[in-house]
Amino acid sequence: MSTGAPAGYDPYAFEPFAVTVDLAVFTVRDGRLHVLLVERGEDPYKGHWALPGGFVLPRESAESAARRELAEETGLTEATVSALHLEQLRTYSEPDRDPRMRVVSVAYTALVPDLPEPRGGGDAATARWWEAGAVGALAFDHDRILTDAHDRIGAKLEYTCLATAFCPAEFTLGELQQVYETVWGVELDRPNFRRKVLTTPGFVQAVEGSPRRTGGRGKPAALYRAGAATALHPPLLRPEGRCT
C-alpha cells in the first residue's frame, strides 16, 4: 500500500518521536507574580508539580493543543482559554528530557490578568496558582522552561504596554510601578520611573477632573488610564544588572 511519500523517501528510516506542548501562564495576584501549575496525576513524576501541557494530537496544531490541554488540565473554560494571547517561547528537544520516549516540546507563555481559580482535570490531579518565587523543583525540564518564560515576560514589559492591563481602569503611577517591580523582581527609582512613563508617547493618559486618590501618607496621587499605544518607543528597560 502506498504511503504517499515521494519516490526514494522512506519515512520508516527515522525513529518516531512525540511532540508535546507546555505552558507557562503568569498573573499578578495580591501584588505578587504567580504561575499556573498542575499536580501530575500519572507517572512519570506522579504527585510532582509541573507546567500544564500534554501531547499534540495527529491532526492538531501546537497552539490548538496548548489551548486544549490548558482547558483540560486546569478546568478553565474554553472561552477563557480561547481569549488568551499565547506567545510561543521556544522548542525544547534534549533527547532525555522525558523518560517515556523521545519527546520534543513546544513551549508557550502568557502574562494575563484576572484568571479564575483553576481545578484539576485530564491527567492533572489538581491545579493552582503558585507564587513564582516559591515554586520548588518541577517535573521534566519545566524548571528551565519556567525560567525562560519569566525572562520573556519581563522583556515584554520593556517593549509593550502590557503592564497597564494589571492595573485598575484608573490607576496611579505607583500602582503601575508595582507591576513592573513584581514581574522584574527589582525596586525601581520612583522619580525616574515616573519620568519615563510620562515621556513615553501613548503609554498612559491623565484622567482629567477625577478625584485624586490618597494612599497612606504623602500628597494625593494623580490618576491615569491606559493610553492608545501598544508598543513602547523608547522601551522602558530594566535597570542594568538588577533584573532577575
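This text goes with the structure placed above it.
Residues numbered from 1 in each chain as written. Predicted model: local features only at pLDDT ≥ 70, side-chain atom pairs only at ≥ 80, totals over all residues. Heavy atoms only, no water.

Asker: Which parts of the structure should I look at to understand unusual backbone geometry?
Answerer: For residues besides glycine, phi is generally negative; the peptide bonds are generally trans as well. Between aspartate 43 and proline 44 the backbone carries a cis peptide bond, its omega angle lying at 0 degrees. Structurally, proline 44 can be placed in the loop between β2 (32–40) and β3 (49–50). One non-glycine residue, phenylalanine 140, lies in positive phi territory at about 55 degrees. Position of phenylalanine 140 among the secondary structure elements: in the loop between β7 (124–131) and α3 (142–159). (Helix = DSSP H or I, 4+ residues; strand = E, 2+ residues; numbered from the N terminus.)

Asker: Quick question: what am I supposed to make of the environment of valine 112 here?
Answerer: Topologically, valine 112 is positioned in the loop between β6 (103–111) and β7. For valine 112, a relative accessible area of 8% puts it in the buried group. Along the sequence, valine 112 and phenylalanine 166 sit 54 residues apart, while their C-alpha atoms lie 7.9 Å from each other. (Buried < 20%, exposed > 50% of the residue type's maximum accessible area, 1.4 Å probe, protein only.)

Asker: For this particular structure, what's the right way to read the packing of aromatic side chains?
Answerer: Here a ring pair, both rings aromatic, is described through the centre-centre distance and the interplanar angle of the planes. Within this structure, the stated rule accounts for 5 aromatic pairs. Here tyrosine 180 and tryptophan 184 contribute two aromatic rings whose centre-to-centre distance is 4.9 Å and whose plane-to-plane angle is 70 degrees, an arrangement assigned as edge-to-face. Here tryptophan 184 and tyrosine 180 lie together in helix α4 (residues 173–184), a separation of 4 residues that amounts to about one turn. In terms of burial, tyrosine 180 and tryptophan 184 fall into one category: buried. An aromatic cluster is defined as three or more aromatic residues linked by ring pairs; in this entry it consists of Tyr180, Trp184 and Phe193. (Phe/Tyr/Trp six-rings, centres within 6.5 Å; stacked < 30°, edge-to-face > 60°.)

Asker: Would you explain the pattern of salt bridges in this entry?
Answerer: Pairs may arise between side chains of opposite charge once their charged atoms sit close together. For the structure shown, the criterion picks out 15 salt bridges. The residue lysine 156 makes a salt bridge to glutamate 87 at a minimum N-O spacing of 3.0 Å. Of this pair, lysine 156 sits in helix α3 while glutamate 87 sits in strand β5 (residues 87–92), and the two are 69 residues apart along the sequence. For lysine 156, a relative accessible area of 22% translates into the label partly exposed. One salt bridge in this structure joins arginine 238 and aspartate 151, with 4.0 Å as the shortest N-O distance. With arginine 238 in the segment after β9 (224–226) and aspartate 151 in helix α3, this pair connects stretches of sequence that are 87 residues apart. Accessibility expressed as a relative area gives 42% for aspartate 151, which makes it partly exposed. Here the salt bridges do not stand alone but share partners, grouping Glu60, Arg68, Glu69 and Glu72 into one network. (Salt bridge = Lys/Arg side-chain N within 4 Å of Asp/Glu carboxyl O.)

Asker: I tried to follow the environment of leucine 84 on my own but got confused; where do I start?
Answerer: Relative to the helices and strands, leucine 84 resides in the loop between α2 (78–83) and β5. Through-space distance from the C-alpha of leucine 84 to that of leucine 115 is 9.9 Å; in sequence the pair is 31 residues apart. Excluding anything up to four places from it in sequence, leucine 84 contacts Arg67, Leu70, Val112 and Leu115. (Contact = heavy atoms within 4.5 Å.)

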